[in-house]
Amino acid sequence: MFRRTNWLDGLRTNQLNYGVAVSDVDHDGKMDWIVAGYSGQNFVLRYNNGSRKLENIARGNTPYEALMDTRGRAIGVTACDIDGDGKEEIYFLNTNGAYSGRSSYGDKLFKWRNGRYEELYSDDINRGVTAKDFAGRSVACVDRKGTGKYSIVIATYGQTRWENGRRVRQGLFAMVEMDDSHPMNNVDTGAIVLRNVAAEVGIERGTGGRGIVVGPIIGEDGRSDIFFGNEGNYWMRNPGNNFLFENLGNGTFRDIAGQSGVADANNNVRGVTVGDYNRDGLIDIAYGNWNGPHRLFLQNPRRNGQVSFSNVAGGSDYETATRIRTVISADFDNDGNTEFFMNNIGQPNKLFTFDGRNLSPVDIGRADERRGHGTGAAVADMDGDGKLDLLISHGESTSEPLSVYRVRGRNARRKNWIRVMPKTLYGAPARGALVKVTTQSGRVYSHVIDGGSGYLCEMEPFAHVGLGSDIARRLVIRWPDGQTKIMNLRRRQNRREHVIDHPRRTT
């Protein structure tokens, strides 16, 4: 499937790196890769159409200098618009070496302000937000109320400690957002007051948090739900049950993982992703368990209103336990079927295809990285050729450079595709929105605009839909506030990117 590119030639990226996100960091209308650098600086990689190479714009004496944050020891990264100014803020999940509990160097939340990126937690009004001070394991974005202003969801690795003769749980899950009601907020000047709302919205749990994925998994009205893939740890009193938080419509949540069949209590999740993998209109969940059986949970049709999932990976090579890190679902070769990229550490990476019924291994090509120590990955169409490109980061046990892969062969170029990016009311990417494409043959493809997935990562904010020889004829977009837009498509509108404004956006 993949061949290695020379896009990184001339860049020194050899260090411990982790999560990768995709956002328009320099506001030029094109996506950039953001890489969490653990033993060195964070990178922001922009594709140069002239040189056909990537260049790092996070350098000293530039507007992006603060994003380097060499002291942070970052492992996760996500981007979304938290204040409604139309630009995405960038959140780096830092551990500063702490495995659990409180860390000595907190997370960083960067905003474009005064012509450069500045850090919001450093503002006096936000120094008391303690959610930034605990060892996190994943981070994602959710528009919990459908306003177009996003909250940052943080899965921490909690622990129980003895204090004054009693057990105290330290490091609970967090949800950080702008405090809309605070009189000191001023979006025009960039003065943003933050608060942690995890307790009031119902997600303040304590366990071994790992992967997060967000989207309209359960509801049919577009509102965003949250799936947490967790890890058990006896010594830290962490139960290993996964959480599936259903959005109740008012921005609060309840956990239905147990009753829906995705709690998977005796395993340890890492990478997780969502999509409609069997094209039945229902959103499914795929993830990898560290040294345990990997899961592909297809959502079942409702019976008496009951949400349930069934694992269809049993007995397949996909299920085979590995030292899994990132899991990405995407149509890399544009044939109309989903591929699952399984990024392992110290073991070969794997690739599987799913036609709606059967999981089959695919020749992954050079991206197998048999001697690699993969820690993160993300996809985006960086060069605008209608095929997804794959960046893999490495680290944890040894310093390794980043690597970038493209789909090889002419077949993928000849196949049809369509790419769709919905925007919020404020003009930022509408992460969590649902995109449905109906083809001439009657197939329906459903994609969730990514707000965080993979494991410590976040994909591009596009629905990339491979069509094979088919043609897209109808497009339906549903935003997290329930607003819907329907478009009929002509043949000439295939093989193009479509940026779609929110129905209520006027400017």
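In this text the structure is predicted, and so the values were computed from the model without any measurement. (Residues numbered from 1 in each chain as written. Predicted model: local features only at pLDDT ≥ 70, side-chain atom pairs only at ≥ 80, totals over all residues. Heavy atoms only, no water.)

Description of the overall build of the chain
In terms of regular secondary structure, the chain is built from 3 helices and 37 strands. Relative to the globule expectation of 23 Å for 507 residues, the C-alpha radius of gyration of the chain, 21 Å, shows essentially globular dimensions. Its C-alpha atoms put the chain at 65 × 55 × 50 Å along the principal axes. For the chain, the residues scored as buried account for 63% of the 507 residues in total. Taking all contacts inside the chain whose residues are at least 6 apart in sequence as the whole, residues at least 24 apart take part in 57%. Total accessible area on the chain stands at roughly 18900 Å², and carbon and sulfur atoms take up 41% of it. The distance from the centre of the 67 positive side-chain charges to the centre of the 60 negative ones in the chain is 3 Å. (Helix = DSSP H or I, 4+ residues; strand = E, 2+ residues; numbered from the N terminus. Rg over C-alpha atoms; globule rule 2.2 N^0.38 Å. Buried < 20%, exposed > 50% of the residue type's maximum accessible area, 1.4 Å probe, protein only. Contact = heavy atoms within 4.5 Å. Areas by Shrake-Rupley, 256 points an atom, 1.4 Å probe, with all protein chains shown as cover. Lys, Arg positive; Asp, Glu negative; His and termini not counted. Charge placed at Lys NZ, Arg CZ, Asp CG, Glu CD.)

Considering the state of the cysteines
One pass over the full model with this rule turns up 1 disulfide. Note on cysteine connectivity: C80 is disulfide-linked to C141, with sulfurs 2.3 Å apart. Here C80 and C141 share a disulfide; its torsion about the S-S bond, -75°, makes the bridge left-handed. Taken as a pair, C80 in strand β6 (residues 74–80) and C141 in strand β10 (residues 136–142) lie far apart in primary sequence, 61 residues in all. Each member of the pair, C80 together with C141, is buried. (Disulfide = S-S within 2.5 Å.)

Concerning the sheet that holds strand β4 (residues 43–48)
Pairing within the open sheet is antiparallel, and its 4 strands lie in the order β2-β3-β4-β5. Edge strands, defined here as strands with exactly one partner in the open sheet, are β2 (17–23) and β5 (53–56). With direction set aside, neighbouring strand axes in the sheet form an average angle of 30°. Bridging between β4 and β5 involves 4 bridges; their strand directions are antiparallel. Residue pairing across strands places N48 opposite K53, the latter belonging to β5. (Pairing = 2+ DSSP bridges. Axes fitted to C-alpha atoms, helices over the stretch in contact; angles between N-to-C directions.)

Side note on the packing of aromatic side chains
A complete count under the given rule lists 18 aromatic pairs for this structure. Considering the side-chain rings of Y91 and Y121, the 6.0 Å spacing of their centres and the 85° angle between planes classify their relative orientation as edge-to-face. Taken together, the residues Y91 in strand β7 (residues 89–94) and Y121 in the loop between β9 (116–119) and β10 connect sequence positions 30 residues apart. According to the relative accessible area criterion, Y91 is buried, its value standing at 0%. Among the residues examined, Y121 registers a relative accessible area of 2% and is labelled buried. In this structure an aromatic cluster arises from ring pairing among F173, F228, F243 and F245. The residue whose ring lies beneath R419 is F462, and the NZ or CZ to ring-centre distance is 4.3 Å. (Phe/Tyr/Trp six-rings, centres within 6.5 Å; stacked < 30°, edge-to-face > 60°. Lys NZ or Arg CZ within 6 Å of the ring centre and 35° of its normal.)

Notes on the environment of N14
In this fold, N14 is placed in the loop between β1 (2–4) and β2. C-alpha separation for the pair N14 and G432, spaced 418 residues apart in sequence, amounts to 33 Å. Here the side chain of N14 touches E400 through a polar contact of 3.3 Å, landing on its backbone nitrogen. (Polar contact = N/O pair within 3.5 Å; in protein donor to acceptor, adjacent residues only side chain to side chain.)

Here's the deal with the UniProt feature "domain: ASPIC/UnbV" (unreviewed entry) in the chain
The UniProt feature table records "domain: ASPIC/UnbV" (unreviewed entry) at residues 430–486. Structurally, residues 430–486 comprises 0% helix and 47% strand, and the distance from its first C-alpha atom to its last is 16 Å. (UniProt positions renumbered as here; feature names shortened; annotations may be inferred.)

Here's the deal with the sheet that holds strand β30 (residues 403–407)
A sheet is described by the order of its strands in space; here 4 strands give the open sequence β1-β30-β29-β28, paired in antiparallel fashion. This sheet does not close on itself; its edge strands, each paired only once, are β1 and β28 (374–380). Averaged over neighbouring strand pairs, the angle between their axes works out to 30° when direction is ignored. With 6 bridges connecting them, β28 and strand β29 (residues 389–394) associate as antiparallel partners. In the sheet register, G374 faces β29, and the bridge partner there is H394.

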